[in-house]
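Coordinate inspection notes
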Amino acid sequence: MAAGEGKARNASLCGESKETQDAAVRPQSAPRQAERCWRGGERRSVKALCPAEVLGSSPVTIVVTSEADTWDIDTSPCRGRGPFVDWARMPEPQGPAQIPRDVLGRPPKELKRLAREGCWAGSHAGRARLYPRLIQRVSCRLVTPDALVYRDVAGRLFGTPGVSSHPLPEFLEGCPVPTYCLSPRGVTALRKILVCVGALFPDITHSPLLPALAALLLHYSEDEAQCFESLSRLIASNAPHAAYIDQSFLAHQASCMTFGDLASKHCPAAHKLIAGAADNVLEVYSEWLSWLFPGLPFAYAARVLDVFLLEGQKVLYRIALALLKQFRLSAGPAAPQGCDVKAELQAFARNIAEHVTVDKLLERAFGIRLFSRKEIWLLHMANRKALVERGITVVQRRPSFPLAVDMQKFSSSTVTAQEMRLVWSWIPERFSLFPPLLLFSTSEDGCSLQRFYTCCEGYEPTVLLIKTTEGEVCGAFLSSDWAERKKSGGTPAFFGTGECFVFTVRPEAERYEWVLIRQPELAKAAPRCRQRSPSPAAEPPLGSSPGSRSPQRLAVPSPPSRARLSPFLAIRHFLLPSRTASMFMSGSRDGIVIGGGGGQALSLDASLLRGHTERCETFGNPPLCRENFQVQLLEVWGFQSA
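Our subject in this report is the structure included herewith. (Residues numbered from 1 in each chain as written. Predicted model: local features only at pLDDT ≥ 70, side-chain atom pairs only at ≥ 80, totals over all residues. Heavy atoms only, no water.)

**Some points on the pairing of strand β8 (residues 585-588)**
Going by this rule: Only protein chains enter the accessibility calculation, which uses a 1.4 Å probe; a residue whose area is less than 20% of its type maximum is buried, one above 50% is exposed, and one in between is partly exposed. Secondary structure elements are taken from DSSP: a helix is a run of H or I of four residues or more, a strand is a run of E of two residues or more, and numbering for both begins at the N terminus. Any two strands are treated as partners once DSSP identifies two or more bridges connecting them.
Burial of β8 is two-sided: the residues M585 and G587 facing one way and the residues S586 and S588 facing the other way are all buried. Across 4 bridges, the pairing between β8 and strand β9 (residues 591-594) is antiparallel. Across the sheet, residue G587 finds its bridge partner in β9, namely I592. Here β8 hands over to β9 after 2 residues, the two strands then running antiparallel side by side.

See the structure below:
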């Protein structure tokens, strides 16, 4: 709050002089006001206590202000006022700042909108004042190191001169430490902050984002202690279903796998390009965070930070997905064969200004219809669980074995190793960690539906591959155990989750996911007290002709117990637009059905020799092969646990 605009409250405390009171409200000179603007300006609201009684010092003036008060921001660049910045390298602000006077009193949605639109991108001083105040609103653990703790620890570690000769913490081994536009003094300050983070947060074992975040915040910090406190609050955030900074290799790798899942769903063209150009898709996606930090230029990274402080890690997924989409557009129609796609993506991020403006990049990022924060959290937790099953621990800094599956040893009578590698790139990342295991084959186990169930029960998920007598190959990824069919008693019922999908391999490879993944606007997140949806519309009896219909032949079973961790994309999380939007998989003694609503994506009779395919509403797929087909070979693949 500028001295000429705000009110001086409780100015006469503990008997201060009239001259002191006048000084509290006297207008300041322009240089002093600019410095105050850079250094955080308005004091936080404090209780009116007599300093002489508390500290035993002489009386001082305390100006008490309200968080909701309007406040002025000097929108000048404040060149030379940032103590850690090399201003010769600092990009100029993007036009005049348009920060509302009551910005901190705005509702959260309004604040997010302003940040997305770059409201404070036009003022370095505006960011310097906003960042600490926004971070103070982050919910964090009760005991979180603050500026006072930093000063104490830094004084003991580095002594009075404040020069850091300490090595960086072990958790930064192999992590880039960008300096952006920091001066030599700023680089020294950054090292000191990171060393103190290592000393005060000993549980951190791996955190690639942390050094970039510290460097960016330091550009807009009054001193090292303020930067440390801001960083500390982000580390200690305890917001539900959200996180700012991954702090272990386990958490980071789970985030990489989550991004891979999102990229597979929301950037299918780019994902197909990467799967065709890289031997290890997961290895490419494991570098997604470095596309942003330190990959993006400073002006772009600062705009990402504007929204990140308000919205958390979900924003980073959005920006990286938008980068991936733009990369695919810039790559042209043909996939780069034999190129180093990892290096290409890093170079593309560095030179992003040649392809798209920061405003357009953010616009495209927030145009991506991601699922809710809770759904993404569930996916992250599922990926984390899969990594634990592979032997990754919280204290581990690097994997001691390759996480990807070697498809060179794969052998199938239905698809080639190259084709299976493509199918494996489509399935959720947490399952692609495990090698495929043949569960059932008509060439070895015979054409028996009962044998099919016996071999497949107990495995979740499974991949169904069908080769027709015409040489066409199609199939489905089925997220649930076939034993689920027994829970509905004698009535055939659909089960499964939104991770199910159907696909074709020959003559052309294509995947068809749940319609709500491609069009999430069709459904809303369900309230916590929501009851299960009524049974879906009628479907034909299993094995019958498409023309015959039997009302209420297939029903949706009751949701599983709440004591179990809710699966990713469980239908009970959504208010579905129709009864036919969740017909994933069903089985009975008459045959199996995959996909429903207006038709069946795949259906097989009890002999497993005759099948039918047509468009269905659950997956929005065309017929996967000739509509009425004869099965030459059928295989079911599971996942071999560690």
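**Details of the pattern of salt bridges**
Using the following cut-off: One side-chain nitrogen of Lys or Arg within 4 Å of one carboxyl oxygen of Asp or Glu is enough to make a salt bridge.
Within this structure, the stated rule accounts for 24 salt bridges. When the shortest N-O distance is used, the salt bridge between D223 and R151 registers 3.3 Å. Remark: R151 occurs in helix α6 (residues 147-158) and D223 occurs in the loop between α8 (209-219) and α9 (224-235); sequence separation between them is 72 residues. Residue classification places D223 among the partly exposed residues on the basis of a relative accessible area of 22%. On the basis of relative accessibility, which here comes to 45%, the residue R151 falls in the partly exposed class. When the shortest N-O distance is used, the salt bridge between K486 and E457 registers 3.1 Å. With K486 in the loop between β3 (473-478) and β4 (501-506) and E457 in the loop between α22 (449-456) and β2 (462-468), this pair connects stretches of sequence that are 29 residues apart.

**Comments concerning helix α18 (residues 373-389)**
Counted only if it meets this: Take the residue count of a helix, subtract one, and multiply by 1.5 Å to get its expected span.
Spanning 17 residues, α18 covers 24 Å between terminal C-alpha atoms, matching the ideal 24 Å at 1.5 Å per step. Taken together, the buried positions of α18 are E375, I376, L378, L379, H380, A382, N383, A386 and L387. Immediately downstream of α18, the backbone of G391 shows phi near 100°, a positive value.

**Re the packing of α6 against helix α7 (residues 184-200)**
Operational definition: Here an angle of 0 to 180 degrees is reported between the N-to-C directions of two axes, which are lines fitted to C-alpha atoms, with helices fitted over the stretch in contact. The labels follow the angle: roughly parallel below 35 degrees, roughly antiparallel above 145, roughly perpendicular from 65 to 115, and oblique for the rest. Whether two residues touch is decided by their heavy atoms; if any such pair falls within 4.5 Å, the residues are in contact.
Contact pair α6 / α7: the axes reach a minimum separation of 10 Å and the direction vectors enclose 105°. With respect to each other, α6 and α7 are oriented roughly perpendicular. Touching V149, Y150, V153, A154, L157 and F158 of α6 are K192, I193, V195, C196 and L200, all from α7.

**Digging into the side chain of S290**
Quick reminder of the rule: Contacts described as polar in this section are N or O atom pairs within 3.5 Å, which, within protein, must combine one atom able to donate a hydrogen with one able to accept it, while residues neighboring in sequence count only if both atoms come from side chains.
Here S290 is to be found in helix α13 (residues 288-292). Of the polar contacts made by the side chain of S290, one reaches the backbone oxygen of E287; its length is 2.7 Å. Here the side chain of S290 touches Q346 through a polar contact of 2.6 Å, side chain to side chain. Among residues more than four places away in sequence, those in contact with S290 are G295 and Q346.

**Some remarks on the environment of A353**
Tracing the backbone through its elements, the reader meets A353 in the loop between α16 (341-350) and α17 (358-365). Since its relative accessible area comes to 52%, A353 is described here as exposed.

**Structural notes on the side chain of T468**
Mapped onto the fold, T468 is located in strand β2. Apart from the residues within four sequence positions on either side, T468 is in contact with C625, F629, Q630 and Q632.

**Describing the pairing of strand β5 (residues 510-513)**
As defined by bridge partners, β4 adjoins β5 across 4 bridges and the pair is classed as antiparallel. Looking at β5, one finds that F501 is bridged to E513. Where β4 folds back onto β5 in an antiparallel hairpin, the turn is made up of 3 residues.

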